[in-house]
Amino acid sequence: MFNLILFGPPGSGKGTQSEKLISKYGLKHLSTGDLLRSEIARQTPLGLAVKSLMARGELVPDEIVIEMINSALDNNPQANGFLFDGFPRTNAQAEALDKLLNQKNTEIAIVLALQVSEQELIDRLLKRGLTSDRVDDRNEEVISARIAEYEKKTAAVAEHYRKYDKVKYVNGEGTIDEIFDLLCEQIDKKLKLA
Ligand code: ADP
């Protein structure tokens, strides 16, 4: 199994690059943002519980996302590997993920961290807000709240994996294909060592 985390602030291009990576490497994409938005769209009790938090740009409680990931892992026993996108976002989530993977005799192989300047992030998200149906991309206050949550709670997750020397930083500014090539280079290097 080859499991990777695509890491980076909101607007760093995780969703776009995830689609390309899962198709090249045959991985199962697990995006907690997508899973939560699907709960909201289906108006499930979980969706109703998280809707307003997400619209404000705040994080959803750890227990909820950890349980969602736990079920997703159980529901995909045949997967060659997982690409985690938007998860883990706190140290508690990272510790829980390590434990869940450990129970399945596997682990995170690599954390690819996309680096993008804050002004570029805001520009990209506001632009996406013009065409997407995501309510959290529509105003600058909510976008700033998401970036602040990232800095306050999520940036530390890179530290967690740095201890195990798993983090590779990749320039997230450039064309989609340029960034994809940089990500593939890191993955291929890791696969060769495996
Ligand atoms: P982005 O990274 O572009 O903000 P996501 O789709 O990853 O977009 O997440 C959207 C929102 O979903 C977050 O602002 C947060 O409210 C919620 N969310 C997604 N993943 C998590 C997570 N792992 N922990 C807590 N909240 C999450």
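Quick caveat: nothing in here was measured; it's all calculated off a predicted structure. (Residues numbered from 1 in each chain as written. Predicted model: local features only at pLDDT ≥ 70, side-chain atom pairs only at ≥ 80, totals over all residues. Heavy atoms only, no water.)

## Structural notes on the site of the ligand
As a matter of local geometry, the ligand sits amid 20 residues, with Thr32, Arg37, Glu58, Val60 and Gln93 nearest to it. Between the ligand and the protein, one listed contact pairs an oxygen atom with a side-chain N or O atom of Arg146 at 3.0 Å. Here the ligand, which alone exposes 550 Å², has 96% of that area covered by the protein. In this structure the site holding the ligand corresponds to the largest pocket. Top contributing element to the shell around the ligand by residue count: helix α2 (residues 32-41), with 4 residues. Residues that form the shell around the ligand fall into these classes: 7 nonpolar, 5 polar and 8 charged. (Near = heavy atom within 4 Å. Polar contact = N/O pair within 3.5 Å; in protein donor to acceptor, adjacent residues only side chain to side chain. Areas by Shrake-Rupley, 256 points an atom, 1.4 Å probe, with all protein chains shown as cover. 1 Å grid on protein atoms, 1.4 Å probe; cavity = no way out; pocket = protein on both sides within 12 Å on 5 of 7 lines; lining within 4 Å. Sits in = over half its atoms within 2 Å of the grid points. Helix = DSSP H or I, 4+ residues; strand = E, 2+ residues; numbered from the N terminus. Nonpolar A, V, L, I, M, F, W, Y, C, P; charged D, E, K, R; others polar.)

## Here's the deal with the sheet that holds strand β3 (residues 82-85)
One open sheet accounts for 5 strands, arranged β2-β3-β1-β4-β5; its pairing is parallel. For this open sheet the edge positions go to β2 (28-31) and β5 (167-171), each flanked by a neighbour on one side alone. Each strand of the sheet is rotated relative to its neighbour by a mean of 20°, with strand direction disregarded. Note that β2 and β3 share 4 bridges and pair parallel. Bridge assignment links Lys28 to a residue of β3, and that residue is Phe82. Packed on one face of the sheet, helix α7 (residues 140-162) meets β1 (3-7), β4 (108-115) and β5 and runs near 145° to β1. With respect to the sheet, helix α8 (residues 176-193) is in contact with β1, β4 and β5, its orientation differing from that of β4 by roughly 155°. (Pairing = 2+ DSSP bridges. Axes fitted to C-alpha atoms, helices over the stretch in contact; angles between N-to-C directions. Contact = heavy atoms within 4.5 Å.)

## With respect to the pairing of β1
Burial of β1 is extensive: 5 of the 5 residues sit out of reach of the surface. Burial along β1 is two-sided: Asn3, Ile5 and Phe7 and Leu4 and Leu6, pointing in opposite directions, are all buried. Bridge count between β1 and β4: 5 bridges; the pairing is parallel. Across the sheet, Asn3 pairs through a bridge with Ile108, a residue of β4. By the bridge criterion, 3 bridges tie β1 to β3 in an arrangement that is parallel. Each residue of the ladder has a partner; that of Leu6, found in β3, is Asp85. (Buried < 20%, exposed > 50% of the residue type's maximum accessible area, 1.4 Å probe, protein only.)

## So, the layout of surface pockets
In this structure, the largest pocket spans a volume of roughly 1,100 Å³. Along its surface, the largest pocket is lined by 48 residues, and Pro10, Gly11, Lys14, Arg128 and Arg134 are the ones closest to its centre. Looking at the lining of the largest pocket, the element that brings in the most residues is helix α6 (residues 118-131), giving 6 residues. Among the residues making up the lining of the largest pocket, the classes are represented as 16 nonpolar, 17 polar and 15 charged. Its boundaries defined by the atoms lining it, the second largest pocket holds a volume of some 200 Å³. Every residue lining the second largest pocket is listed: Arg37, Ile40, Ala41, Lys51, Met54, Ala55, Asp133, Arg134, Val135 and Asp136. Looking at the lining of the second largest pocket, the elements that each hand over two or more residues are α2 and α3 (45-56). Of the residues assigned to the lining of the second largest pocket, the class counts are 5 nonpolar, no polar and 5 charged. (Points joined across faces, edges and corners; volume = space filled by probe spheres on them.)

In short, the description is geometric, and any link to function would need to be established separately.
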